[in-house]
Amino acid sequence: MTTPAALDASPAVSRFRAGGVIPAHPLALTSDRRLDERRQRALGRYQIESGALGLAVAVHSTQFAIHDSHQHLLEPVLTLTADVAREYPAENPLLVAGITGPIRQAVREAELAASLGYDLVLLSPYGVGEASEDDLIERAAAVATVLPVIGFYLQPAVGGTRLSRSFWERLAALPNVVGIKIAPFDRYATLDVIQGVARSDRADEVALYTGNDDHIVMDLLTSFPAQTSGGETTQMEIVGGLLGQWAVWVGGAVETLALARRAKQGDGEALESLLRINPALTDANGVIFDAANGFAGCIPGIHEILRRQGLLENLVFLDEGEGLSPGQAEEIDRIWAAYPHLRDDEFIAENLDRWLA
């Protein structure tokens, strides 16, 4: 088996640490809930050609139920997406596989991802029951012997749990943990991750990515002061995003990250642009993710945007009871009209037939 040190030194990990846009990958289903391979491929082509650094597959936005063995979907979706990525040798998209479940399932899924050519895994706390922080650290260490691990602070509304600052320090100390997706949708919890990583001896080796879809712009803009284990002050940066919100309007996400990098270098015009984008994007995300209803319509909201743009043709999910919340479609109408500058309709219209071919 490849050693953790060798995994940690891979070119893919170096590219990940440099930062970028990694959209969460939705799941395209036919009306009878079978994998719609044609539209699934189109989604991958769209995200890659929009400038994404990589694709995150089998994550929350792909629907966690994909990991249920009776669905028989995990391997086909991972395989199809890897095939699409290979269509783009020049871009060489990073492939991130979402991993769930207790330790044996998580290791088995990581081994599947490795066999299909995936570069990293996003290790979700979903499906671990009442696992303690010690259990989660043991699980991460086991998975890290298979592929480099991105830790995941998942918000409680969609299956996560509160985790301590010391947990993030311990997780960051593991030799093949290469990043953390910070997605608690909570400022205090976000700081727990940043402060915990800063106190580890591997802060320079663990890339921080925002998953706070409600706070994207400011996470990318902010330099976070933190204390090292030796008591020194350091500045921690969030270098990119791995986001459900970035499953849609991907070109705008790439531009947002570019603006944030310029703004941090003192570009005043870039900063002004971001300060205009910030409230619009937060408002749009609140609607798409259905914050008003406890995020019940989060995945349907993503799908509705993609359906309106032609990439998906329906609102069909693994859970037959899942759908837009009451009033969510009308709110999507509102943000659709209010923020045309966030959308990438023209780009999709110009390329959709080719992506679907």
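Residues numbered from 1 in each chain as written. Predicted model: local features only at pLDDT ≥ 70, side-chain atom pairs only at ≥ 80, totals over all residues. Heavy atoms only, no water.

Novice: Lay out helix α13 (residues 328-338) with the relevant residues and their values.
Specialist: The complete set of buried residues in α13 reads Q328, I332, I335 and W336. One side of α13 carries all its buried residues, which in axial view fall inside an arc of 105°. Among the exposed residues of α13, those pointing more than 90 degrees away from its buried face are E330 and A337. In this structure, the buried residues of α13 make contact with α11 (268-288), α12 (298-308) and α14 (345-356). (Buried < 20%, exposed > 50% of the residue type's maximum accessible area, 1.4 Å probe, protein only. Helix = DSSP H or I, 4+ residues; strand = E, 2+ residues; numbered from the N terminus. Arc of directions from axis to C-beta. Contact = heavy atoms within 4.5 Å.)

Novice: Break down the nonpolar core for me, with residues and values.
Specialist: With 109 residues, the main nonpolar core has L78, Y118, L171, I180, V197, M236 and L311 as its most contacted residues. Examining the composition of this core, we find that 8 residues originate from one element, α11, more than from any other. Aside from chain neighbours lying at most four places away, what touches L78 is V57, A58, A97, L112, L116 and Y118. Counting residues in each nonpolar core, the second largest holds 22 residues, with A12, V13, F16 and L122 among its members. (Core = buried A, V, L, I, M, F, W, Y, C linked by side-chain atoms within 4.5 Å.)

Novice: Outline the packing of helix α3 (residues 37-49) against α14, supporting the account with residue identities and numerical values.
Specialist: Running from N to C, α3 and α14 cross one another at 135°; their axes reach a closest spacing of 9 Å. With respect to each other, α3 and α14 are oriented oblique. Crossing hand, α3 versus α14: right-handed. Touching R38, R39, A42, R45, Y46 and E49 of α3 are F347, I348, N351, R354, W355 and L356, all from α14. Counted by class, the contact of α3 with α14 contains 6 nonpolar, 1 polar and 5 charged residues. (Axes fitted to C-alpha atoms, helices over the stretch in contact; angles between N-to-C directions. Parallel < 35°, antiparallel > 145°, perpendicular 65-115°, else oblique. Left-handed = near helix turned anticlockwise from the far one by under 90°. Nonpolar A, V, L, I, M, F, W, Y, C, P; charged D, E, K, R; others polar.)

Novice: An account of the environment of E331 is requested, with residue identities and associated values reported.
Specialist: Summarising the element assignment, E331 is placed in helix α13. Residue class for E331 comes out partly exposed when judged on its relative accessible area of 34%. Counting along the chain gives 91 residues from E331 to G240, while the straight-line C-alpha distance between them is 28 Å.

Novice: Can you break down the packing of aromatic side chains residue by residue, with the values?
Specialist: Applying the stated criterion across every chain yields a total of 8 aromatic pairs. Between F167 and W168, the ring centres sit 4.9 Å apart and the planes meet at 85°, which makes this aromatic pair edge-to-face. By relative accessible area, which is 4% here, F167 ends up buried. Given a relative accessible area of 0%, W168 falls into the buried group. Measuring from ring centre to ring centre gives 6.4 Å for F185 and F289, while their planes differ by 15°; the resulting arrangement is stacked. Linking F185 in the loop between β6 (177-183) and α8 (187-199) with F289 in the loop between α11 and α12, this pair joins segments that are 104 residues apart in sequence. Residue classification places F185 among the buried positions, given a relative accessible area of 17%. (Phe/Tyr/Trp six-rings, centres within 6.5 Å; stacked < 30°, edge-to-face > 60°.)

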